[in-house]
Every structure is written in structure tokens, then in C-alpha cells.
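Each chain, letter by letter, is given below.
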Amino acid sequence: MAEDKPFCISKWAILEAWRRVRANKGAAGVDDVSVADFEKKLKNNLYRIWNRMSSGSYVPPPVRRVMIPKPDGRERPLGIPTVGDRVAQMVVKMHLEPTVEPLFHPDSYGYRPDKSALDAVGTCRKRCWRYDWAVDLDIRGFFDNIDHSLMMHAVRKHTDCKWVLLYIERWLKAPVETEDGTQLPRERGTPQGGVASPLLANIFLHHVFDMWMSRTFPGCPFERYADDVVIHCRSHEEAVQVKAAVEERLRQCKLEAHPEKTRIVYCRDSNRMQDHPLNRFDFLGYGFQPRRARNSRNGIYFVSFIPAIGRKAMKAIVRVVRGWGIHAASEKELDDFSRMFDKHIRGWVNYYGRYYPSALHRTFDCINRRLVRWAMKKYKRYRGHQRRATQWLRRIARERPELFAHWRLGIVP
């Protein structure tokens, strides 16, 4: 019975946590048990988690580490807990999040209810019009380098619940298992991919950065999405001062601003023509830089400092599209490609089409070119006739724009 346990954790909380984990799907952890496998013995699996968490005997299994390619060609580690451990982490998240969420800074956007990356991009866009300078802050290896003692100190500011503190500390220390089965101890950091990690990261940076910025530089607004930060300043002198102070603050908290990627940027436009070597930065996949814009009232063109899909995002999309092998799949029909790929295209359009959508033409032309090559290979009448194949696809795009999201945006062959 629950009252015999040292910790009062309801079975309802375990069940609700499972429902959320199941909805999120995700890969198997070190035990190779998938969400579907876990569900086959659901009652026993959930009871085991409840029993161990309630008794204080729950010990997180190792986190499976996989390496994910980055746009610059390097790799970043992603930690995948087991399905059962994701359920246990969700129980703690459900308990802690309602307490801390109302306290978070309004300009913290990452992994929060009713806030999104596009909200952060939109706010940044408006502030770049009002503030001449920006500090593009990059925290080197943030998730891998969080100090555990400082993290627990931050969490204790928000809860004294013993089982929450116990399990968070155990998750921070849970070893990592590499692809060859080697287990590595973790003395710092919290794995990207864990259910509780985004919330813990927000708690940590709430104290390390958000509240500190509000106290120290109240006149310099910022947008933060996890560890991705842009700070706005009125002058170059102020930006230099802010950058130096933030770097020192991070050092005090056992973190480091990336020396090459943390930069001062001039938000150049038609009204701000000062010379400065840096006048662009990337934020959440968008590239902010001077761009040609048209005044909707008088039709006059001018230069504005605005976001559009970034170069790294463009290259990443082209790389994914190349991997689809459309041009070589002559056995497929257009409807097949629509079923297979339109959900991905729709996601890109919905995200990167919010601001300056005309920049998407160059990106999605790569899909149209591959469709043309596919038509030339599939149909004899178009072999060696690129122009005719292009004209045919253009007609199809106008008659059936629902096939692909970029066609619906007007980006046709």
C-alpha cells in the first residue's frame, strides 16, 4: 500500500507519465525495449516503476549515447534513456514544472508551454529594429558541462521534496553507455534527450543568466531558447561591456562562452549605415542580416535587418532531400513521393516560411530539380528533354498544388 512507502507517489502520476511518454514516442534505450515492447507488459512495468520510486530504491539505468550529425559536419551526443526511465523522469517533471514555470523569465522560450522557437525569432526581429547592436552568445557545450552541485543548488531553490531531489541527483550521475557497450561515468552535464533535462537546463539558466541579466543589465533585453541567446544593446560600448560581463558570469558558474562564436553584431539597415565587420548572426535556424525589403505603404524598397532561413538550415535541408533519392526512384509515382515526403516539406515551410518566405525558393528548388530528373528517367517521352519534363511538372503543380507544401507556396518547377 502507498502509505507503507517512504515517498508518496500516486499510481495515477505513473500512468499519466506513461501516456505522455507514449505520445512522444522515441527510440529504445540500452535495454533495447521500444515503446511498443514496454506496452506489451504495461501493468507490470508501471507497477515496478511506482514501487521502486515510492520506496526510494529506483536507480536509473545507463543512458544510451548516439552521435547526431551537426550542420557543420561535426557530431553532438544525444542521450536516450530507456522507456521506463523516461516514464520516471516524466513523473518528476510533472511534479516540478507547475512550480517553476510561472517563475521563468518571459524571454526564456525553450521547451516551455505556449512558447516556441518562432516566438523567439519574432521577438528578436522586432528588437533588432529598435536596438543597433546585438551580442550573439554561444555557450560552449552547455548540456555537457553543467556543474552538478550548482544544478542541485538551483533546484533546491524551488523544491524541498525529498524524492524529487533524490532522483534528479541520480539522473545527473547516471552513466553513459557508448555504441560499443562501454559505460562512462558522468561527473558533470545532463544528457540532451532526457525528459527532465530541458526543464533542469531552464532552472539552471534561470538563475545563472536570466535573473542575473535582469538585475545587471535591465536595459538590455534578450531572447533565450535553451542555451541559444541573443542580447540587444543600444551602443557598441554597451555591447562590449555586456559581452565581457556575461563571459565572466559564465566562468563563475563553471561554463564558458565560445570564444569564436560569441560575437558583437551590428544590425545594419537603411537608417544605420555604420561600418562594422559583423552584420549577421544565426538564431534558431534563421539568418539575421541586412536584406532588401519593400514598404507596403508606398512600395519603396529599402534595407532592413530581418531574418530568413539560414545558410546552415538550407544546407541541412538539401542534404536530407539528396538522401531521399527521388531522381532514382523511377518505380514511384508523384502521389508516393507526396505521402513519403510532404510531411517533412510541410514542417520546413511552416517553420522557415514564417519570415521572409521568398528565401525558400532557392532551398526548395532542389526538390523540383530532382522531380524533373525523376520524370526524365521514368517517362520515355521526357528522356533527354529537361524543358518538356519541367513544363509537365509545372502544369501538375498548378493543377494539384496539394501534393507538396512548397508547391502550395508557389515554388513550382
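First, a word on what this report is: a plain description of the structure on this page.

## Here's the deal with the nonpolar core
Consideration 1: Within the largest apolar cluster, 69 residues are counted, with the highest numbers of intra-cluster contacts made by Met53, Trp163 and Ile231.
Consideration 2: Broken down by element, this core gets its largest block of residues, ten residues, from helix H9 (residues 197–216).
Consideration 3: Ile231 has contacts with Trp133, Ala134, Val135, Phe209, Met213, Cys220, Pro221, Phe222, Val242 and Val246, leaving out every residue within four places of it along the chain.
Consideration 4: In this structure, Ala120, Cys124, Phe364 and Met376 belong to the second largest nonpolar core, which totals 58 residues.

## Quick look at the sheet that holds strand E6 (residues 222–225)
Consideration 1: If you trace the four strands from one edge of the open sheet to the other, you get E6-E7-E3-E8, paired in antiparallel fashion. Of all strands in the sheet, those bounded by a partner on one side alone are E6 and strand E8 (263–266). Neighbour-to-neighbour, the strand axes of this sheet turn through a mean angle of 20°, independent of strand direction.
Consideration 2: As judged from the six bridges shared by strand E3 (residues 133–138) and strand E7 (residues 228–233), these two strands associate in the antiparallel manner. Directly across from Asp138, in E7, lies its bridge partner Asp228.
Consideration 3: H9 contacts E3, E6 and E7 of the sheet and is inclined by roughly 170° relative to E6.

## Describing the sheet that holds strand E10 (residues 286–294)
Consideration 1: Taken together, three strands build an open sheet; the order of strands is E9-E10-E11 and the sheet is antiparallel. One side of each edge strand has no neighbouring strand; the edge strands of this open sheet are strand E9 (281–283) and strand E11 (301–309). Ignoring which end each strand starts from, the neighbouring axes of this sheet average 50° apart.
Consideration 2: In this sheet, E11 lies alongside E10 in antiparallel orientation, the contact comprising nine bridges. Considered in E11, the bridge of Ala293 is made with Phe302.

## As for the side chain of His232
Consideration 1: Residue position: His232 is located in strand E7.
Consideration 2: Overall, His232 belongs to the buried group, its relative accessible area being 0%.
Consideration 3: A distance of 2.8 Å separates polar atoms of two side chains, one belonging to His232 and the other to Glu223.
Consideration 4: Look past the residues within four positions of His232 in its chain and what remains in contact with it is Cys124, Arg127, Cys128, Tyr131, Trp133, Ala134, Cys220, Pro221, Phe222 and Glu223.

## Comments concerning the packing of aromatic side chains
Consideration 1: Overall, the coordinates contain 27 aromatic pairs when judged by the stated rule.
Consideration 2: Consider the rings of Phe281 and Phe288, whose centres lie 4.9 Å apart with planes at 10°: the pair is stacked. One exposure class covers both Phe281 and Phe288, and it is buried.
Consideration 3: Look at Phe404 and Trp407: their rings are 4.9 Å apart centre to centre, the planes differ by 80°, and that puts the pair in the edge-to-face class.
Consideration 4: Clustering of aromatic rings is evident, with ring pairs tying together Trp324, Phe337, Phe341, Trp348, Phe364, Trp374, Tyr379, Tyr382 and Trp392.
Consideration 5: Here the basic side chain of Arg291 rests over the ring of Tyr356, its NZ or CZ set 5.6 Å away from the ring centre.
Consideration 6: Above the plane of the ring of Tyr301 lies Arg292, whose end atom (NZ or CZ) is 3.8 Å from the centre.

Cut-offs used in this document
Here the residue numbering is sequential within each chain, running from 1 through the sequence in written order. In keeping with the model being predicted, local features are shown solely for residues with a pLDDT of at least 70 and side-chain atom pairs are shown and tallied solely at 80 or more, while totals for entire chains, interfaces and linings include all residues. The basis for every side-chain value is the complete set of heavy atoms in the structure, and neither hydrogens nor water enter the calculation. Nonpolar cores are built from buried Ala, Val, Leu, Ile, Met, Phe, Trp, Tyr and Cys residues. Side-chain atoms within 4.5 Å join them into one set. Burial classes: relative accessible area under 20% of the type maximum marks a residue as buried, over 50% as exposed, and values in between as partly exposed (1.4 Å probe, protein chains only). Put simply, DSSP marks the helices as runs of H or I at least four residues long and the strands as runs of E at least two long, and each gets a number from the N terminus on. Should any heavy atoms of two residues lie within 4.5 Å, those residues are counted as being in contact. Paired strands, as defined in this entry, are two strands with at least two bridges between them according to DSSP. To get an axis, a line is fitted to the C-alpha atoms, and for a helix only the part in contact is used. The angle between two axes follows their N-to-C directions and goes from 0 to 180 degrees. The term polar contact refers here to a pair of N or O atoms within 3.5 Å; inside protein, the definition further demands a hydrogen-donor-capable atom paired with an acceptor-capable atom, and it admits residues adjacent in sequence only when both atoms are side-chain atoms. Aromatic pairing here means that ring centres of Phe, Tyr or Trp (its six-membered ring) are within 6.5 Å. Orientation follows from the plane angle: under 30 degrees is stacked, over 60 is edge-to-face, and everything else is tilted. Placement of a positive charge over a ring is assigned whenever Lys NZ or Arg CZ falls within 6 Å of the ring centre and within 35 degrees of the normal to the ring plane.

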